[in-house]
Amino acid sequence: MWLALEQSGALTRRYLKLPDGVTEDECEAIASMFGNVKDFTSFALGDLLVYARSHHGEDFVVSVMEATGMAHQTCENLMSVCRQIAPSVRREELRFHVHAVVAPLPPNDQRHYLKLAVDNQWTRQQLRDAVYGPPVLPPAVTGDLTSVARDVLAGAKQFGDGWLITRDSYVRLKAVLEGE
């Protein structure tokens, strides 16, 4: 399919232009293909970078990272997952980001949780909750309006022309305002 898309001019390194008449099934097949390519490249790049570092040294691995065009930290994350999860433990049925959840665990625990994820068709978040427990939020209300507002402003991040705040900041601020 990839080759057919390239040969028809519908797929280049910078765009995908599908002709009219592509069916829903074909769209799903293309999405699946790209998802599989992304997963493959995540594992393949991670393994390549691990190899480059161990066989050719730090200076060379930096050159390889630059050749990917990816951020240094992204490459480090790929290497970390690939270093920590042996190919024999990796599951074909699961995406790279699901494997990343169990990377810090010992190999036997990795196998156990990855098997559970496959058997139960867990999402990444369900796997995270099974491994680490559900996330615990800090108390929703602490302090008065002024101190909560200061905390919200201190944690706000600029995003374009606006600002983003965490869910917890929103919950705390809303609770304080409703309590007045």
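Residues numbered from 1 in each chain as written. Predicted model: local features only at pLDDT ≥ 70, side-chain atom pairs only at ≥ 80, totals over all residues. Heavy atoms only, no water.

**Section: the nonpolar core**
The nonpolar side chains of soluble globular proteins are, as a tendency, buried together.
Then, in step 1: Ile 85, Leu 94, Phe 96, Val 102, Tyr 113, Leu 127 and Val 131 are the most contacted members of the largest nonpolar core, which has 19 residues in total.
Then, in step 2: Elements with a contribution of two residues or more to this core: helix H4 (72-84), helix H5 (96-102), helix H6 (107-120) and helix H7 (124-132).
Then, in step 3: Listed in part, the 7 residues of the second largest apolar core include Leu 49, Val 64, Met 65 and Cys 75. (Core = buried A, V, L, I, M, F, W, Y, C linked by side-chain atoms within 4.5 Å. Buried < 20%, exposed > 50% of the residue type's maximum accessible area, 1.4 Å probe, protein only. Helix = DSSP H or I, 4+ residues; strand = E, 2+ residues; numbered from the N terminus.)

**Examining the packing of helix H2 (residues 24-56) against helix H3 (residues 58-68)**
Then, in step 1: In the contact formed by H2 and H3, the axes pass within 7 Å of each other and the chain directions differ by 155°. What the angle tells us is that H2 and H3 run roughly antiparallel. For the element pair H2 and H3, the recorded crossing hand is right-handed. Contacts from Leu 45, Leu 48, Leu 49, Ala 52, Arg 53 and His 56 of H2 reach H3 at Glu 58, Phe 60, Val 61, Val 64, Met 65 and Thr 68.
Then, in step 2: In terms of residue class, the contact of H2 with H3 is made up of 8 nonpolar, 2 polar and 2 charged. (Axes fitted to C-alpha atoms, helices over the stretch in contact; angles between N-to-C directions. Parallel < 35°, antiparallel > 145°, perpendicular 65-115°, else oblique. Left-handed = near helix turned anticlockwise from the far one by under 90°. Contact = heavy atoms within 4.5 Å. Nonpolar A, V, L, I, M, F, W, Y, C, P; charged D, E, K, R; others polar.)

**Thoughts on the pattern of salt bridges**
Then, in step 1: Under the definition given, this model contains 8 salt bridges.
Then, in step 2: Note that Asp 47 is salt-bridged to Arg 90, the shortest N-O span being 2.9 Å. Note that Asp 47 is positioned in helix H2 and Arg 90 in the loop between H4 and H5, a separation of 43 residues in sequence.
Then, in step 3: Relative accessible area serves as the criterion here: at 31%, Asp 47 is assigned to the partly exposed category.
Then, in step 4: Among the residues examined, Arg 90 registers a relative accessible area of 16% and is labelled buried.
Then, in step 5: Shared partners join several salt bridges into a network, and the residues in it are Arg 53, Glu 58 and Glu 76. (Salt bridge = Lys/Arg side-chain N within 4 Å of Asp/Glu carboxyl O.)

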